[in-house]
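Architecture at a glance
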Amino acid sequence: MSVVPTTIAPEVEAAVAGFMLTQAQMTEVVDRMTKEIKMGLAKDTHPRAVIKCFVSYVQDLPTGKERGKYLALDLGGSNFRVLLVDLKSNTDIDIVSKSFVIASSMLSGPGKDLFDFIANCLADFCKEQRLQGEAIPLGFTFSFPLQQQGLTKGILVTWTKGFSCEGVVGKNVVALLQEAIERRGDLKINIVAILNDTVGTLMSCAFTSRNCRIGLIVGTGSNACYVEKTVNAECFENYQTSPKPHMIINAEWGAFGDNGVLDFVRTPYDRIVDKVTPNPGKQTFEKCISGMYMGELVRLVLVDLMAKGLIFAGERSEKIQTQWNFQTSYLSDIESDSPGDFRNCSKVISQLGLVGNHVRDKLHLRYICEAVSSRSAKLCSCGLVTLINKMNINDVSVGIDGSVYRFHPRYHDLLMFHMTKLLRPGIKFELLESDDGSGKGAALIAATAVQNQAPK
Ligand code: BGC
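Below you will find a few notes about this structure. As the structure is a computational prediction, the values presented were derived from the model and not from experiment.

1. Looking at the site of the ligand
- The full set close to the ligand counts 15 residues, and T160, N196, D197, E252 and E286 are the nearest of them.
- One nitrogen or oxygen atom from the main chain of S143 is found 3.5 Å from an oxygen atom belonging to the ligand.
- The contact in question runs from an oxygen atom of the ligand to an N or O atom on the side chain of K161, over 2.9 Å.
- Within the complex, the protein chains bury 98% of what would otherwise be the 310 Å² of accessible surface of the ligand.
- At the level of elements, α6 (197–208) and β10 (222–229) are the ones that each hand at least two residues to the shell around the ligand.
- When the residues that make up the shell around the ligand are grouped by side-chain class, the tally is 3 nonpolar, 8 polar and 4 charged.

2. Digging into the sheet that holds strand β9 (residues 212–218)
- Across the sheet, which stays open at both edges, the 6 strands sit in the order β1-β11-β10-β9-β12-β13 with mixed pairing between neighbours. Two strands close off the open sheet at either side, each with one partner strand: β1 (54–55) and β13 (428–433).
- Looking at chain direction, β9 and β10 are connected through 5 bridges and run antiparallel. Paired with V218 across the strands is S222, a residue of β10.
- In this fold α6 packs onto β9, β10, β11 (246–250), β12 (395–401) and β13, with an angle of close to 135° to the strand it touches most, β9.

3. Some thoughts on the pattern of salt bridges
- This model, assessed by the stated rule, comprises 23 salt bridges.
- D436 serves as the salt-bridge partner of R81, at 2.8 Å between the closest nitrogen and oxygen. Residue R81 is located in strand β3 (residues 79–87), and its partner D436 is located in the loop between β13 and α16 (437–453); the two are separated by 355 residues in the primary sequence.
- The exposure class assigned to R81 is buried, which follows from its relative accessible area of 17%.
- For D436, a relative accessible area of 18% puts it in the buried group.
- A salt bridge links R410 to E335, with the nearest nitrogen and oxygen atoms 2.9 Å apart. One end of the pair, R410, is in the loop between α14 (403–407) and α15 (411–422); the other, E335, is in helix α11 (residues 328–336), and 75 residues separate them in sequence.
- By sharing partners, the salt bridges in this structure join D74, R81 and D436 into a single network.

4. Regarding the packing of helix α2 (residues 23–41) against helix α13 (residues 359–391)
- At a closest axis distance of 9 Å, the pairing of α2 and α13 adopts a crossing angle of 50°. By the angle between their directions, the pair α2 and α13 is classed as oblique. For the element pair α2 and α13, the recorded crossing hand is right-handed. On α13, the residues touching M26, V29, V30, M33, T34, I37, K38 and L41 of α2 are K378, L379, C382, G383, V385, T386, L387, N389 and K390.
- When its residues are assigned to classes, the contact of α2 with α13 shows 10 nonpolar, 4 polar and 3 charged.

5. Focus: the packing of α6 against α16
- Two numbers describe how α6 lies on α16: the axes approach to 7 Å, and their chain directions differ by 80°. Viewed along their axes, α6 and α16 adopt a mutual orientation that is roughly perpendicular. Residues D197, V199, G200, T201, M203, S204 and F207 of α6 form the contact with α16, whose own contacting residues are G437, S438, K440, G441, L444 and I445.
- Each residue belonging to the contact of α6 with α16 can be placed in one class, and the counts come to 5 nonpolar, 6 polar and 2 charged.

6. Quick notes on the state of the cysteines
- The full count for this structure, using the stated rule, is 0 disulfides.
- Here C288 is not cross-linked by a disulfide; its sulfur's nearest cysteine counterpart is in C382, at 11 Å.
- For C288, a relative accessible area of 1% gives the class buried.
- The cysteine C382 is free of any disulfide, with C380 supplying the nearest cysteine sulfur at 9.2 Å.

7. Considerations on the environment of L151
- By secondary structure assignment, the location of L151 is in the loop between β6 (146–150) and β7 (153–156).
- Residues L151 and C205 lie 54 residues apart in sequence; the distance between their C-alpha atoms is 20 Å.
- Not counting chain neighbours up to four residues away, the residues in contact with L151 comprise S56, Y57, V58, V192, A193, I194, I445 and A449.

8. Let's talk about the side chain of T230
- One can find T230 in the loop between β10 and β11.
- Of note is the side chain of T230, whose polar atom sits 3.5 Å from the side chain of Q59.
- When sequence neighbours within four positions are dropped, the list of residues in contact with T230 reads Q59, F236, N238, Y239, S242, K244, P245, H246 and M247.

9. Structural notes on α15
- Between its terminal C-alpha atoms α15 stretches 16 Å, which fits the 16 Å expected from 12 residues at 1.5 Å a residue.
- Within the span of α15, buried status applies to Y411, L414, L415, H418, M419 and L422. The arc enclosing the buried residues of α15, seen along the axis, measures out at 120°, which places them on a common side. Facing away from the buried side of α15 by more than 90 degrees, the exposed set consists of D413 and T420.

10. Side note on the sheet that holds strand β4 (residues 93–101)
- The strand order across the open sheet built from 5 strands is β4-β3-β2-β5-β8, with neighbouring strands paired in mixed fashion. Bordering the open sheet on either side are β4 and β8 (190–195), each of which pairs with just one other strand. Each adjacent strand pair in this sheet contributes to an overall mean axis angle of 20°, direction not counted.
- Pairing geometry for strand β2 (residues 68–75) and strand β5 (residues 137–142), over 5 bridges, is parallel. Residue pairing across strands places A72 opposite G139, the latter belonging to β5.

The rules we used
Residues numbered from 1 in each chain as written. Predicted model: local features only at pLDDT ≥ 70, side-chain atom pairs only at ≥ 80, totals over all residues. Heavy atoms only, no water. Near = heavy atom within 4 Å. Polar contact = N/O pair within 3.5 Å; in protein donor to acceptor, adjacent residues only side chain to side chain. Areas by Shrake-Rupley, 256 points an atom, 1.4 Å probe, with all protein chains shown as cover. Helix = DSSP H or I, 4+ residues; strand = E, 2+ residues; numbered from the N terminus. Nonpolar A, V, L, I, M, F, W, Y, C, P; charged D, E, K, R; others polar. Pairing = 2+ DSSP bridges. Contact = heavy atoms within 4.5 Å. Axes fitted to C-alpha atoms, helices over the stretch in contact; angles between N-to-C directions. Salt bridge = Lys/Arg side-chain N within 4 Å of Asp/Glu carboxyl O. Buried < 20%, exposed > 50% of the residue type's maximum accessible area, 1.4 Å probe, protein only. Parallel < 35°, antiparallel > 145°, perpendicular 65-115°, else oblique. Left-handed = near helix turned anticlockwise from the far one by under 90°. Disulfide = S-S within 2.5 Å. Expected span 1.5 Å × (residues − 1). Arc of directions from axis to C-beta.

Structure below.
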């Protein structure tokens, strides 16, 4: 009988040691992030802050009584979606949606082409749903850093997640969409709100869970929003006079560390990943956490260990040598195997063009994946704890969406574990998976916007 090895070679351990954050390092991350968040909120430090804490112009959480039909657009990853959301009751929501693949050439082409594509998809959907001629209110979930100047005006600050279309940074994206709709000339659309996906996620969870105060995304990108006191949202023109006590703040935490304050937890692999992205030096925190980068981090460790003959010794594979070829979904697959079983792991190995005859190699591959995903969950926990401490509340729910959180077998448990260790004793929290926050959230914000516009 063959014995399954269970120990990790010291050289492999050493290669991933940088991913194993200690409790002291995590506490330090929370302290540093707290400072950066305060800088983002305050008017005088905002211009040089890296965590921008953008004002969302959403001040009302859902009452649970929102009703009606709304259109939603969801742009933020490699798929673009158009949705028709019918809020029938707070337990009965009908959603019809259609996804469109964005050609990779479009991610870096002229912005005009991207917005024409969006308008065409919208027209296609409206035709299919027989909605032409009906001016249904539309909420636009646009998941990139936006400097908002109102609920229907948002200037793109920078692209993230592999997008780099020309002619959009510095522009009001609502106007760009409106112009594309007008170029077609056959659509009656009433854009009533633009929002971040984190805000949509928070709103959709708050629709059913009264305690929800944070919206988190851990998918292709990562970011969170939270409910701040309006008086602290100094970049909002009416922060001192607004009759509404709260403002949802889109933290844009992905940029945390762009000024070097996270260098003490970054590894040499993080620096390599950063260099090959279209936005080097930007989105440092996001690049340590989110799905767009986790697979590439694992691949870089593997390539390094293979070059030293420490894993898959004697094997060669073109695939593993190619950038971005280790999909982040592989981490979820590999870590879903029960201990000692390497079924998914073996599949991944063969998809990478490797043979992997030795159990020890599989054990090591899993160990590397675990190191990268636990670091992601630890840093995310630090972020959530920072926001909970900032709000100074004792009982909170967090609405969460994104492929990493959804599909990784241990992500939820890792967050629970590390947050509990970092939070002051006695603070109660729950983590809720959001079900289509981008769509539902856009509809809820659109509903409130329409209500607020209506003559009283
Ligand atoms: C964007 C955020 C977004 C997050 C999750 C980041 O790259 O900057 O606006 O919320 O991805 O989609």
